[in-house]
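Here are the chains, one letter per residue:
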Amino acid sequence: MLTRGNTAPMFFRILSKFPQSFSFCFAYGSGVKQQLGYDPVRTKRNMIDLIYVVDNAHRWHTANLDQNFDHYSGMRLLGGGLIAKYQETFGARVFFNTLVQIPEEDVIIKYGVVSTKDLLQDLTDWRSLYLAGRLHKPVEIIRNASSSKIQNAIEQNLRSAVHAALLLLPEKFTEFELYRAISNLSYSGDFRMIFGENKDKVNNIVRPQLENFRNLYATTFDQLHHCLELPFSGSDNQICTQDLSEATILAHLNGLPKWPIRLIVERQTSGRYRQDTEDILIGVSRSSNYQSIVASSLRSIVWRSSVWQSIKNIPTAGISKSVRYSWAKALKTFS
């Protein structure tokens, strides 16, 4: 979690080793944010996960190959152009280099590269719920977004997460259950949760970060005060209440991004006939099983993207690193 002392200088030093033409950068995971089950004394051994958002993937990879040729697997021989094409074509459209040693800082990093346009699409449409899901949770912003489009999309992503979580929750729930539902949006359906990930991962993320979640979602909750009552007073066990009228459920459904709505519509019509999207959503809002309909659409998105991104990561890491990374994840899960 790297919370001992001021870690900003370390991140700046790490970033200085990469091409500077990126528009946004953040770190996530147990290496930078506290999670239960990880000994603070050993946190420096946790890998730091970074995401670089770039406007031109071809140009960035070409420059990075010049600076950090050894970070790449055998795919480095393909050159920046083909690496960029691979990044932007398959899976969640993120290219990862993993188990990269930074000996000067005594840390190991894994960094992903995503094009700005692909990040924006995932944040606003939930095409893969991959990076959008990571940004549902508190992260460490290393370089602020250079574009208002990215910041606006991040805020829209947070609003969408609350709409989705409220659709999955009952009328009454605790603050902890709310943040757990938000965090679970990108884990429910992830095939890696079947093996290789701690089954308590979501609880372990949320429990020690309640204050960070409160700060992250404060503005969004204020916007929903008409249908959501959150009597927060420092305790995560206080009961929160939401309006479950058909009108409110419909408003939450309309607040979902493009891809979940598309899947809901497709599954409700089974492709038999063409029907207005709003009419279908009205029907779902009146259904007694609207929660399972929404949950199923989200699981489908996460399952598909998690499978394809994991397959995609094998050649980007190389066989040796893939085995070492999987083994490290397994040890961390069962330790």
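Structure first, text after, so check above.
Described in the following lines is the structure provided in the data block. (Residues numbered from 1 in each chain as written. Predicted model: local features only at pLDDT ≥ 70, side-chain atom pairs only at ≥ 80, totals over all residues. Heavy atoms only, no water.)

1. Structural notes on the environment of Tyr 179
- For Tyr 179, the location among the structural elements is in helix H7 (residues 175-184).
- Note on Tyr 179: relative accessible area 0%, which makes it buried.
- Along the backbone, Tyr 179 and Arg 214 are 35 residues apart, and their C-alpha atoms lie at a distance of 8.9 Å. (Helix = DSSP H or I, 4+ residues; strand = E, 2+ residues; numbered from the N terminus. Buried < 20%, exposed > 50% of the residue type's maximum accessible area, 1.4 Å probe, protein only.)

2. Describing the packing of helix H2 (residues 57-67) against helix H3 (residues 79-89)
- Contact pair H2 / H3: the axes reach a minimum separation of 8 Å and the direction vectors enclose 130°. Relative to H3, H2 is oriented oblique. Along this stretch, H2 crosses H3, giving a crossing that reads as right-handed. Touching Ala 57, His 58, His 61, Thr 62 and Leu 65 of H2 are Gly 79, Gly 80, Gly 81, Ile 83, Ala 84, Gln 87 and Glu 88, all from H3.
- Classifying every residue of the contact of H2 with H3 by side-chain character gives four nonpolar, seven polar and one charged. (Axes fitted to C-alpha atoms, helices over the stretch in contact; angles between N-to-C directions. Parallel < 35°, antiparallel > 145°, perpendicular 65-115°, else oblique. Left-handed = near helix turned anticlockwise from the far one by under 90°. Contact = heavy atoms within 4.5 Å. Nonpolar A, V, L, I, M, F, W, Y, C, P; charged D, E, K, R; others polar.)

3. Section: the sheet that holds strand S6 (residues 172-174)
- As summarised here, the arrangement of the three strands in space is S6-S8-S7, forming an open sheet in which the pairing is antiparallel. Every other strand in the sheet has two partners, leaving S6 and strand S7 (228-229) as the edge strands with one partner each.
- Of the pairings in the sheet, the one linking S7 to strand S8 (residues 239-242) comprises two bridges and is antiparallel in character. Within S8, the residue paired with Leu 228 across the bridge is Gln 242. (Pairing = 2+ DSSP bridges.)

4. With respect to the packing of aromatic side chains
- Counted by the stated rule, this structure contains 16 aromatic pairs.
- When the centroid spacing of 5.0 Å and the interplanar angle of 70° are considered together, the rings of Phe 22 and Tyr 52 count as edge-to-face. Of this pair, Phe 22 sits in strand S1 (residues 22-28) while Tyr 52 is found in strand S2 (residues 48-54), placing the two residues 30 residues apart along the sequence.
- We classify Phe 22 as buried; its relative accessible area is 6%.
- Given a relative accessible area of 0%, Tyr 52 falls into the buried group.
- A ring pair is formed by Tyr 52 and Tyr 111, whose centres lie 5.7 Å apart and whose planes are at 85°; its orientation type is edge-to-face. Of this pair, Tyr 52 sits in strand S2 while Tyr 111 is found in strand S4 (residues 107-115), placing the two residues 59 residues apart along the sequence.
- For Tyr 111, a relative accessible area of 0% puts it in the buried group. (Phe/Tyr/Trp six-rings, centres within 6.5 Å; stacked < 30°, edge-to-face > 60°.)

5. Concerning the pairing of S8
- Examined bridge by bridge, S6 and S8 share three bridges and lie antiparallel to one another. Across the sheet, the residue bridging to Lys 172 is Thr 241, located in S8.

6. Observations regarding helix H1 (residues 8-15)
- Residues of H1 that are buried include every one of Met 10, Phe 11, Ile 14 and Leu 15, and no others. The buried residues of H1 occupy one face: seen down the axis, they fall within an arc of 135°.
- Contacts from the buried residues of H1 go to S1, S2, strand S3 (94-102), S4 and strand S5 (140-143). (Arc of directions from axis to C-beta.)

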